[in-house]
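Below are the chains, spelled out letter by letter.
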Amino acid sequence: MPGLILKLCPGERFMLNGVVVENGPRRARLNIVTPDANVLRLRDAIHPDEANTPVRRVCYIAQLVLAGEAEPTEARGQLLTGIEQLSQVFTDPDSRRRLTEATEALAEDRWYPTLKALRALLGREQRLMQAAEAAQ
């Protein structure tokens, strides 16, 4: 009964419970069987200087917890505040569903599903920002 399955390219890096792991010279497939392991592909990671929009900032907070660089208790409060603020802007049904998913996962200390639900809003945020720039 596998949990999370990671398919890695040669040389690809990921973070597992705060530790950076690099794949060797061949493709690999790993099964993460520990249910609450924190896994983050570094190619999907948001760098600090890229956390420059509301959704990216909220995603970055969740990412810091996954990386073991932020205290979950403090991050939870910041994330709940950020999700509440995002809910004032993202009012369409699909965005609401994603925000609800993020909130429910957060309530259960499931950090990766929280991040995944929030990341789904990145494209929408970018389109909204582009439309606002075009309107000016």
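Residues numbered from 1 in each chain as written. Predicted model: local features only at pLDDT ≥ 70, side-chain atom pairs only at ≥ 80, totals over all residues. Heavy atoms only, no water.

Asker: When you look at the overall build of the protein in this model, what are you seeing that I'm missing?
Answerer: A count of helical and extended segments in the protein gives five helices and five strands. Ordering the α and β elements of the protein from the N terminus gives β-β-β-β-β-α-α-α-α-α. Dimensions along the principal axes, computed over C-alpha positions, put the protein at roughly 50 × 30 × 25 Å. The contacts in the protein between residues at least 6 apart in sequence include a share of 52% that link residues at least 24 apart. With the model as given, the accessible surface of the protein reaches about 8,500 Å², and the carbon-plus-sulfur share is 51%. Charge centroids of the protein, computed over 18 positive and 18 negative side chains, lie 9 Å from each other. (Helix = DSSP H or I, 4+ residues; strand = E, 2+ residues; numbered from the N terminus. Contact = heavy atoms within 4.5 Å. Areas by Shrake-Rupley, 256 points an atom, 1.4 Å probe, with all protein chains shown as cover. Lys, Arg positive; Asp, Glu negative; His and termini not counted. Charge placed at Lys NZ, Arg CZ, Asp CG, Glu CD.)

Asker: What is the right way to look at the side chain of Gln 63 in this model?
Answerer: For Gln 63, the location among the structural elements is in helix α1 (residues 54-66). Among residues more than four places away in sequence, those in contact with Gln 63 are Leu 40, Ala 45, Ile 46 and Leu 115.

Asker: I tried to follow the pairing of strand β2 (residues 13-16) on my own but got confused; where do I start?
Answerer: Strand residues, when the strand is regular, have side chains that alternate between the two faces of the sheet. The pairing of β2 with strand β3 (residues 19-22) spans four bridges and is antiparallel. Across the sheet, residue Phe 14 finds its bridge partner in β3, namely Val 21. Hairpin connection, β2 to β3: the antiparallel pair is bridged by two residues, and Asn 17 has positive phi, about 50°. Pairing analysis gives three bridges linking β2 to strand β5 (residues 39-41), with the strands arranged antiparallel. In the sheet register, Leu 16 faces β5, and the bridge partner there is Val 39. (Pairing = 2+ DSSP bridges.)

Asker: It is not clear to me how helix α2 (residues 72-87) should be interpreted in this structure. Could you clarify?
Answerer: Since the α-helix turns once every 3.6 residues, residues separated by three or four places project in the same direction. Given a rise of 1.5 Å per residue, 16 residues ought to cover 22 Å, and the 22 Å separating the end C-alpha atoms of α2 matches this to within 8%. Within α2 the residues assigned to the buried category are Ala 75, Leu 79, Gly 82, Ile 83, Leu 86 and Ser 87. Angularly, the buried residues of α2 cover 130° about the axis, an arc narrow enough to put them on a single face. Within α2, the exposed residues directed more than 90 degrees away from the buried face are Thr 73, Glu 74 and Gln 85. Structurally, α2 contributes buried residues whose contacts are with α1, α3 (93-107) and α4 (111-119). (Expected span 1.5 Å × (residues − 1). Buried < 20%, exposed > 50% of the residue type's maximum accessible area, 1.4 Å probe, protein only. Arc of directions from axis to C-beta.)

Asker: Is there a simple way to explain the side chain of Thr 53 in this structure?
Answerer: Position of Thr 53 relative to the elements: it lies in the loop between β5 and α1. When sequence neighbours within four positions are dropped, the list of residues in contact with Thr 53 reads Glu 125 and Met 129.

Asker: Would you explain the environment of Pro 93 in this entry?
Answerer: Mapped onto the fold, Pro 93 is located in helix α3. The class for Pro 93 is exposed, based on a relative accessible area of 70%. Once the C-alpha coordinates of Pro 93 and Arg 56 are considered, the two residues, 37 residues apart in sequence, prove to be 20 Å apart.

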